[in-house]
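# Architecture at a glance
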Amino acid sequence: YEEAFEKALANENIHVFFQPKVSLKDYDLIGAEALSRWIVNDEVIPPDSFIPILEETTRICELDFYVLDHVCKSIHSWIRHGVKPVKVSVNFSRRHLSNKNLVQDIVQVLDKYEVPHQYIEIELTETTIDADFEALKRVVYGLREYGIESSVDDFGMGYSSLSLIRDVPFKVLKIDKGFLGDKNMESDERQRAMMKHV
């Protein structure tokens with residue numbers, strides 16, 4: 001996969017799709033999440049077949065910026081054609097946290113395509129390591145200075161989740177399904193109380 005991945009990026013065989021986010025209040029389209037799908041000979045390679053492999057190296061960082069680039073191209077095109085964009089969230093691996101220039105690198109891509117910063121949301125996975133947690137804080141605060149919102153994925157499964165809520169100004173929490181409890185949540189008062197307060 002690693003060897004083929006380089007060719008896939010060069011030939012744009014990795015396609016970016018937009019999964020809509022819909023408000024449960026009025027069913028309006030309120031945003032989208034960018035998803036990457038690797039297509040070979042009209043066949044889609046499932047993400048769980050290649051993403052974990054890329055996660056083992058910094059190759060995942062190339063994919064994340066590839067997706068961000070394509071998202072910004074699309075938003076630029078929408079604006080040019082008079083279509084009002086929605087905010088699009090783009091996944092960024094925790095592998096990026098070692099990059100001291102991450103915030104500037106992200107801003108550079110947005111500005112290259114003249115994308116107003118409010119149309120991009122950077123989605124970061126909750127971390128389990130103290131050093132990564134500090135880097136995560138630095139990135140989220142840095143993005144915030146440029147008017148770029150952040151969301152946290154897999155909330156509830158990583159580093160002291162209460163510290164995350166208290167110390168990091170995330171705009172959106174995506175709660176991990178493992179944290180939602182089991183089918184007894186309706187009758188389990190403790191689980192219900194915990195979820196309500198989160």
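The sections below set out a description of the structure shown in this document. For clarity, every value in this text was computed on a predicted model and none was experimentally measured. (Residues numbered from 1 in each chain as written. Predicted model: local features only at pLDDT ≥ 70, side-chain atom pairs only at ≥ 80, totals over all residues. Heavy atoms only, no water.)

The next thing to look at is the overall build of the chain. Looking only at helices and strands, one finds seven helices and seven strands in the chain. Secondary structure elements in the chain, listed N-terminal to C-terminal, are α-β-β-β-α-α-β-α-β-α-β-α-β-α. Looking at the chain residue by residue over its 198 residues, the buried ones come to 41%. Relative to all contacts within the chain whose residues are 6 or more apart in sequence, the contacts with residues 24 or more apart total 65%. Per element, the accessible surface of the chain, about 11,700 Å² overall, is 51% carbon and sulfur. (Helix = DSSP H or I, 4+ residues; strand = E, 2+ residues; numbered from the N terminus. Buried < 20%, exposed > 50% of the residue type's maximum accessible area, 1.4 Å probe, protein only. Contact = heavy atoms within 4.5 Å. Areas by Shrake-Rupley, 256 points an atom, 1.4 Å probe, with all protein chains shown as cover.)

Moving on to a nonpolar patch on the surface. A cluster of nonpolar side chains, contributed by L162, I165, L173, I175, M194 and V198, occupies part of the molecular surface with about 480 Å² of accessible area. For the nonpolar patch, the secondary structure elements donating two or more residues are helix 6 (161-167) and strand 7 (172-175). Look at I165 and you get partly exposed, because its relative accessible area is 40%. (Patch = residues over 30% accessible without salt bridge, like charges linked within 9 Å, V, L, I, M, F, W, Y side chains within 5 Å. Salt bridge = Lys/Arg side-chain N within 4 Å of Asp/Glu carboxyl O.)

Turning to the pattern of salt bridges, a few remarks are in order. Applying the stated criterion across every chain, the model contains 10 salt bridges. We note a salt bridge from R59 to E6, for which the minimum N-O separation is 2.9 Å. Of this pair, R59 sits in helix 3 (residues 59-80) while E6 sits in helix 1 (residues 2-10), placing them 53 residues apart in sequence. Several salt bridges share partner residues, and in doing so they unite E6, R59 and E62 into one network.

The next thing to look at is the packing of helix 3 against helix 4 (residues 102-112). Running from N to C, helix 3 and helix 4 cross one another at 30°; their axes reach a closest spacing of 9 Å. On the basis of the axis angle, helix 3 is roughly parallel to helix 4. In this structure, the crossing between helix 3 and helix 4 has a hand that is right-handed. Here helix 3 contributes F65, L68, D69 and C72 to the contact with helix 4, which in turn contributes L102, D105, I106, V109, L110 and K112. (Axes fitted to C-alpha atoms, helices over the stretch in contact; angles between N-to-C directions. Parallel < 35°, antiparallel > 145°, perpendicular 65-115°, else oblique. Left-handed = near helix turned anticlockwise from the far one by under 90°.)

Close contact between helix 1 and helix 3 brings their axes to 11 Å; oriented N to C, the two are set at 20°. In terms of orientation, helix 1 and helix 3 fall into the roughly parallel class. As for the relative orientation of helix 1 and helix 3, their crossing is left-handed in sense. Contact residues: E2, F5, E6 and L9 in helix 1; R59, E62, L63 and Y66 in helix 3.

With that settled, consider the environment of N99. Structurally, the position occupied by N99 is in the loop between strand 4 (88-92) and helix 4. N99 sits in the partly exposed class, given a relative accessible area of 24%. Residues N99 and V139 lie 40 residues apart in sequence; the distance between their C-alpha atoms is 9.7 Å. Beyond its immediate stretch of four places on either side in the chain, N99 contacts D105 and R138.

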